[in-house]
Amino acid sequence: MGKVYLTGAGPGDIELLTIKALLVIKDADVIIYDRLANPDILEHSKDGCEFVYVGKEDGRHIMPQDDINEVIYQNALKYEKVVRLKGGDPFVFGRGGEEAQYLYERNIKFDVIPGITSAISAPAYAGIPVTHRGIAVSFRVVTGHESPNKKESQIPWENFKTNDTIIFLMGLHNLAKISKKLQEVGKPADYPCAVISKGTTNEQSVVVGTLGDIVAKAKDAQTPALIIVGEVVKLREQLKWFES
Ligand code: SAH
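Residues numbered from 1 in each chain as written. Predicted model: local features only at pLDDT ≥ 70, side-chain atom pairs only at ≥ 80, totals over all residues. Heavy atoms only, no water.

K.L.:
Where do I start with the overall build of the chain in this structure?
P.N.:
A count of helices and strands for the chain gives seven helices and 12 strands. Taking 18 Å as the expected radius of gyration for a compact globule of 244 residues, we find that the chain reaches 19 Å, a close match to that expectation. Each of the three principal axes of the chain carries a C-alpha extent, and together these read 55 × 45 × 30 Å. Here the chain, with 244 residues, has 50% of them falling under the buried criterion. Long-range pairs, those at least 24 residues apart, make up 70% of the contacts in the chain with a sequence separation of at least 6. With the model as given, the accessible surface of the chain reaches about 12200 Å², and the carbon-plus-sulfur share is 51%. Here the chain carries 29 positive and 32 negative side-chain charges, and the mean point of each set is 4 Å from the other. (Helix = DSSP H or I, 4+ residues; strand = E, 2+ residues; numbered from the N terminus. Rg over C-alpha atoms; globule rule 2.2 N^0.38 Å. Buried < 20%, exposed > 50% of the residue type's maximum accessible area, 1.4 Å probe, protein only. Contact = heavy atoms within 4.5 Å. Areas by Shrake-Rupley, 256 points an atom, 1.4 Å probe, with all protein chains shown as cover. Lys, Arg positive; Asp, Glu negative; His and termini not counted. Charge placed at Lys NZ, Arg CZ, Asp CG, Glu CD.)

K.L.:
Explain the environment of Val141 to me, please; I cannot follow it from the model alone.
P.N.:
Turning to its location among the elements, Val141 is positioned in strand β8 (residues 139-143). Using a relative accessible area of 30% as the deciding quantity, one classes Val141 as partly exposed. For the pair Val141 and Ile166, spaced 25 residues apart in sequence, the C-alpha to C-alpha distance is 6.1 Å. Excluding anything up to four places from it in sequence, Val141 contacts Val92, Phe93, Ala119, Ile167 and Leu169.

K.L.:
I would appreciate a short explanation of the packing of helix α2 (residues 65-78) against helix α3 (residues 96-105) in the present structure.
P.N.:
Think of two packed helices as two axes; the pair is described by the angle between the axes and how far apart they sit. For the pair α2 and α3, the least separation of the axes is 10 Å and the interaxial angle reads 50°. Overall, the two elements α2 and α3 adopt an arrangement that is oblique. Where α2 crosses over α3, the two elements pack in a sense that is right-handed. In this structure, α2 contributes Gln65, Ile68, Asn69, Glu70, Ile72 and Tyr73 to the contact, and α3 contributes Glu98, Glu99, Tyr102 and Leu103. (Axes fitted to C-alpha atoms, helices over the stretch in contact; angles between N-to-C directions. Parallel < 35°, antiparallel > 145°, perpendicular 65-115°, else oblique. Left-handed = near helix turned anticlockwise from the far one by under 90°.)

K.L.:
Just checking my understanding: could you explain the pairing of strand β1 (residues 3-8) for this structure?
P.N.:
When a strand is regular, its side chains alternate between the sheet's two faces. Burial of β1 is extensive: five of the six residues sit out of reach of the surface. Across six bridges, β1 lies against strand β6 (residues 81-86) in parallel orientation. For Leu6, the partnering residue across the bridge sits in β6 and is Arg84. By the bridge criterion, five bridges tie β1 to strand β7 (residues 109-113) in an arrangement that is parallel. Counted as the bridge partner of Tyr5 is Asp111 from β7. (Pairing = 2+ DSSP bridges.)

K.L.:
I keep staring at the sheet that holds β8 and nothing clicks. Help me out?
P.N.:
Strand pairing in a sheet relies on backbone hydrogen bonds. The paired strands run either parallel or antiparallel. With respect to topology, five strands assemble into an open sheet ordered β8-β9-β12-β10-β11, the strand pairing being mixed. Every interior strand has two partners, whereas the edge strands, β8 and β11 (205-210), have only one. Strand-to-strand twist across the sheet, computed as the mean angle between neighbouring axes with direction ignored, equals 20°. Pairing between β8 and strand β9 (residues 165-169): five bridges, direction parallel. Across the sheet, Val142 pairs through a bridge with Phe168, a residue of β9. Sheet strands in contact with helix α4 (residues 118-125) are β8, β9, β10 (192-197) and β12 (225-229), and its direction is about 75° off that of β12.

K.L.:
It is not clear to me how the nonpolar core should be interpreted in this structure. Could you clarify?
P.N.:
The nonpolar side chains of a soluble globular protein tend to be buried, and buried together. Core analysis: the biggest nonpolar cluster contains 21 residues, and Trp157, Phe160, Phe168, Leu182, Val195, Ile227 and Val229 have the highest contact counts within it. Elements represented by at least two residues in this core include exactly β9, α5 (175-184), β10 and β12. Setting aside residues no more than four positions away along its own chain, Val229 makes contact with Asp164, Thr165, Ile166, Phe168, Leu182, Tyr191, Pro192, Cys193 and Leu211. (Core = buried A, V, L, I, M, F, W, Y, C linked by side-chain atoms within 4.5 Å.)

K.L.:
Would you mind going over the side chain of Asn69 with me for this structure?
P.N.:
By the element assignment, Asn69 lies in helix α2. If sequence neighbours within four positions are ignored, Asn69 has contacts with Glu98, Glu99 and Tyr102.

K.L.:
Sorry, what's going on with α4 here?
P.N.:
In an α-helix, one turn spans 3.6 residues; hence positions three or four apart end up facing the same way. Along α4, the residues classified as buried are Ala119, Ser121, Ala122, Pro123 and Tyr125. Those residues of α4 that are buried lie in contact with β8, β9, β10 and β12. Looking at the residues trailing α4, positive phi occurs at Gly127, about 80°.

Laid out in structure tokens, this is it:
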């Protein structure tokens, strides 16, 4: 019986992979990976390593999560060293917790190797610090997958009146609803907001706007993309370094 390494692949720039992740990848017998994990990482595996693609894109599951869980489990019965490679960090909207539970229930050993999440690294590459003294004392990472109009939402929209930075993952398709909802709970239409697409990669693109105009400005934005809302967005004017 093998061991599973629930491994964060980082946000896109391959050099943001941790040394710990690289070491298990080099030694893996099988790597089970998503679309968001940069496929160039697989080139660091040893000869004969098996690859299993369980395509998962922007939270939409081409393969149902139950099947992914079972694929990981079956590979753990077959191989000694199983790497489950996931975009960003495995426990930030990656359903890594569910995969770990599934293994726990079946007595399969696992390690978790955290990854650099897109939630903070894509803003960093866009020149937007998620906190900044005097501007934002905290940041939230929120699912944008759920429609803000949903009844009995688990998202505490009323708490978003503060000036803390809010980062929505998986939310590009709900951008119009999210910006509207934030204005309904009291944020002004000129409140700063940005959409970061393909963050940390050579194709990174950043659209800066306000809650009032971001929908029109970001209409051509590509996935994967995140939405960042807060006064910190204005710092990009001085701090953007990656694209320049
Ligand atoms: N576990 C991942 C997030 C998985 S949810 C992490 O920690 O980064 C998938 C969402 O992450 C996407 O819909 C998008 O909002 C965001 N995302 C992932 N990679 C991204 C990137 N390179 N640039 C911008 N957003 C990204």
